[in-house]
Amino acid sequence: MTTAALTFEPLTPDRWDDLEQLFGPERGGNSGCWCLWWRIRKPEWDRLGKPGRKRQFRAVVAAGEVPGLLAYQGGRPVGWCAIAPRTATPRLNTSRVAAPTDPVTAGDWAITCFYIASEHRQGGLMRSLIEAAVTHARRHGAKRVDACPIEPRRKLMWGEGFVGIASAFRRAGFVEVERRSETRILMRRDFET
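Residues numbered from 1 in each chain as written. Predicted model: local features only at pLDDT ≥ 70, side-chain atom pairs only at ≥ 80, totals over all residues. Heavy atoms only, no water.

## A closer look at helix α4 (residues 125-139)
Between its first and last C-alpha atoms α4 spans 21 Å; for 15 residues at 1.5 Å apiece the expected length is 21 Å, and the two agree. G141 sits one or two residues past α4 and shows a positive phi near 100 degrees. (Helix = DSSP H or I, 4+ residues; strand = E, 2+ residues; numbered from the N terminus. Expected span 1.5 Å × (residues − 1).)

Written as structure tokens, this is what we have:
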């Protein structure tokens, strides 16, 4: 895979079919998440089920919110990165490992998850998505971008890397802010320092 052939586009209503193609129309990304894991509380998550989560996430996009970026190669969607203001991710903000270190402001954004087509994994696409997401957030008023990626201690099982890999964030200029677990690190890219 060559990064020169990659393009990155915000998820807008006209790109919904591309997200569905990448995630799988029934599968919904990682275990039927439809990228709502950090956006809604657990009881609502459970109540909605896969079809309800798909409808709700589609409604978020239809309402004009841009919850992330799609990566394309040769016109085909090959990757996804969720990037949004922290105010859009209440579950992230109360997470034991990912909660913010300071009160959340309008300038606080977070990269919360990734989905990369299997044939494009381990080729640098995650780092490219991180850099595109940081650029997007900064262009839309972010003062800093947080992430809480995994620092693997063993070979990852399917789906465990959905929060991102710490080494990819380090290569993209993120620094460790706090370590609240052995394998999850709160990291930040600050534009004001």
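## Topic: the sheet that holds strand β3 (residues 76-85)
One open sheet accounts for 7 strands, arranged β1-β2-β3-β4-β5-β7-β6; its pairing is mixed. Looking at the sheet topology across the chains shown, the edges are occupied by β1 (6-10) and β6 (175-179). Pairs of neighbouring strands in the sheet enclose a mean axial angle of 30 degrees, with direction left out of account. As paired elements, strand β5 (residues 144-147) and strand β7 (residues 185-190) share 4 bridges and run antiparallel to each other. Looking at the pairing, V145 lines up with R189 of β7. Seen against the sheet, helix α1 (residues 16-23) touches β2 (68-73), β3 and β4 (108-116) and runs at an angle of roughly 110 degrees to β3. (Pairing = 2+ DSSP bridges. Axes fitted to C-alpha atoms, helices over the stretch in contact; angles between N-to-C directions. Contact = heavy atoms within 4.5 Å.)

## Focus: the environment of W34
Along the polypeptide, W34 turns up in the loop between α1 and α2 (42-62). For W34, a relative accessible area of 1% gives the class buried. Separated by 121 residues in sequence, W34 and K155 place their C-alpha atoms 25 Å apart. Aside from chain neighbours lying at most four places away, what touches W34 is W16, L19, E20, F23, G24, P25, G28, K50, R53, K54 and F57. (Buried < 20%, exposed > 50% of the residue type's maximum accessible area, 1.4 Å probe, protein only.)

## Points about the pattern of salt bridges
Opposite charge on two side chains permits them to pair, given that their charged atoms come into close proximity. Per the counting criterion, the structure on display carries 14 salt bridges. Between D102 and R144 there is a salt bridge whose closest N-O contact spans 3.5 Å. Within this pair, whereas D102 is found in the loop between α3 (90-93) and β4, its partner R144 is found in strand β5, the two being separated by 42 residues in sequence. D102 gets classed as partly exposed once you look at its relative accessible area, which sits at 38%. For R144, a relative accessible area of 14% translates into the label buried. Each member of the salt-bridge network shares a partner with another, and the members are E151, R170, E176 and R179. (Salt bridge = Lys/Arg side-chain N within 4 Å of Asp/Glu carboxyl O.)

## Section: the side chain of R39
Assignment of secondary structure puts R39 in the loop between α1 and α2. Accessibility expressed as a relative area gives 15% for R39, which makes it buried. A polar side-chain atom of R39 sits 2.7 Å from a polar atom in the side chain of E65. The contacts of R39, once residues within four sequence positions are left out, are F57, V60, E65, P67, A84, A88, T89 and P90. (Polar contact = N/O pair within 3.5 Å; in protein donor to acceptor, adjacent residues only side chain to side chain.)

## Details of the nonpolar core
Of all hydrophobic cores here, the largest spans 38 residues; its most connected members are I83, I111, F114, I130, V145, F169 and F174. Those elements that provide at least two residues to this core are β2, β3, β4, α4, β5, α5 (166-171) and β7. Per-element tally for this core: the top contributor is α4, with 8 residues. Counting residues in hydrophobic clusters, the runner-up holds 22 residues, among them C33, W45, V60 and A117. (Core = buried A, V, L, I, M, F, W, Y, C linked by side-chain atoms within 4.5 Å.)

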